[in-house]
Amino acid sequence: MAASEHFSFNEMHMIKRKSLGNVVPLELFRSIRLIGMYQGLPLNGKGTTSVIGKKIGESLPVNTVEDVLQLFKELKIGIPKVLHQDERGMRIAIEDCFCEGLPVHEGKFVCDLEGSIFEGALIKILKRNVSVREIKCNVNGDDHCEYDVRFM
Ligand SMILES: [Zn+2]
């Protein structure tokens, strides 16, 4: 079957490598995220992470907010817990975030890409504009990572 010009999220499941399987170490993901994107791009990658995250979020095969939360756990980004929800937005804590255990750098919030993935998925699901901002991060010294979600 000929593939289309674009990659889809479902194609990401098509894995056939024989020895190394379907998992790469967290060190690699962290290196891409923090050494490559956070340190390597201008303004710690802000702007770029927003575009990348939203693009990934839009591509996820999800139809409900619960689907996204479930997929975040399946993809081992972290375990999301809804702390608060009303008509104006949500507060979501991420336990076991990919950044857990890194040395503390006060003032650094490094899980913006993951927030943008959530943002892109919510925009697609809710068909309205949504803004997701990281307000707590393990790396900043907080006891978990947390997103403030605003429905606009
Ligand atoms: Zn984090």
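Provided above is the structure to which this section pertains.
The following paragraphs examine the structure supplied in this document. (Residues numbered from 1 in each chain as written. Predicted model: local features only at pLDDT ≥ 70, side-chain atom pairs only at ≥ 80, totals over all residues.)

When you go through the protein chain residue by residue, the secondary structure sums to four helices and four strands. Reading the protein chain from its N end, one meets helices and strands in the order α-α-α-β-β-α-β-β. Computed over its C-alpha atoms, the radius of gyration of the protein chain comes to 16 Å, within 12% of the 15 Å expected for a compact globule of 152 residues. Burial statistics for the protein chain: of 152 residues in total, 29% are counted as buried. Relative to all contacts within the protein chain whose residues are 6 or more apart in sequence, the contacts with residues 24 or more apart total 56%. (Helix = DSSP H or I, 4+ residues; strand = E, 2+ residues; numbered from the N terminus. Rg over C-alpha atoms; globule rule 2.2 N^0.38 Å. Buried ≥ 20, exposed ≤ 12 C-beta atoms within 10 Å, placed from the backbone. Contact = placed C-beta atoms within 7 Å.)

To continue, consider the packing of helix α2 (residues 48-59) against helix α4 (residues 112-126). Helix-helix packing is characterised by the crossing angle of the two axes and by the distance between the axes. Where α2 meets α4, the axes come as close as 6 Å, and the angle between the chain directions of the two elements is 45°. Here α2 lies oblique to α4, going by the angle between them. Once α2 is placed against α4, the crossing between them reads as right-handed. Contacts between α2 and α4 pair T49, S50, I52, G53, K54, K55, I56, G57 and E58 from the former with D112, L113, G115, S116, I117, F118, E119, G120, A121 and K124 from the latter. Here the residues of the contact of α2 with α4 are counted per class, giving six nonpolar, seven polar and six charged. (Axes fitted to C-alpha atoms, helices over the stretch in contact; angles between N-to-C directions. Parallel < 35°, antiparallel > 145°, perpendicular 65-115°, else oblique. Left-handed = near helix turned anticlockwise from the far one by under 90°. Nonpolar A, V, L, I, M, F, W, Y, C, P; charged D, E, K, R; others polar.)

The next thing to look at is the pairing of strand β1 (residues 79-86). One ladder, built from seven bridges, connects β1 with strand β2 (residues 89-95); its direction is antiparallel. By the bridge assignment for β2, D86 is matched with G89. Between β1 and β2, which follow one another and run antiparallel, lie two residues. (Pairing = 2+ DSSP bridges.)

Turning to unusual backbone geometry, a few remarks are in order. Positive phi outside glycine occurs at K76, with the angle close to 60°. Secondary-structure assignment places K76 in the loop between α3 (65-74) and β1. A residue is classified by how many C-beta atoms lie within 10 Å of it, and K76, with 13 of them, is partly exposed. Of note in the backbone geometry, K127 takes a positive phi value of approximately 55° without being a glycine. Position of K127 relative to the elements: it lies in the loop between α4 and β3 (130-136).

Another point: the sheet that holds strand β4 (residues 145-151). A sheet is described by the order of its strands in space; here four strands give the open sequence β1-β2-β4-β3, paired in antiparallel fashion. The open sheet has two free edges, formed respectively by β1 and β3, since each of these has just one partner strand. On average, each strand axis in the sheet is tilted by 20° relative to the strand beside it, whichever way the strands run. In this fold α4 packs onto β3 and β4, with an angle of close to 150° to the strand it touches most, β3.

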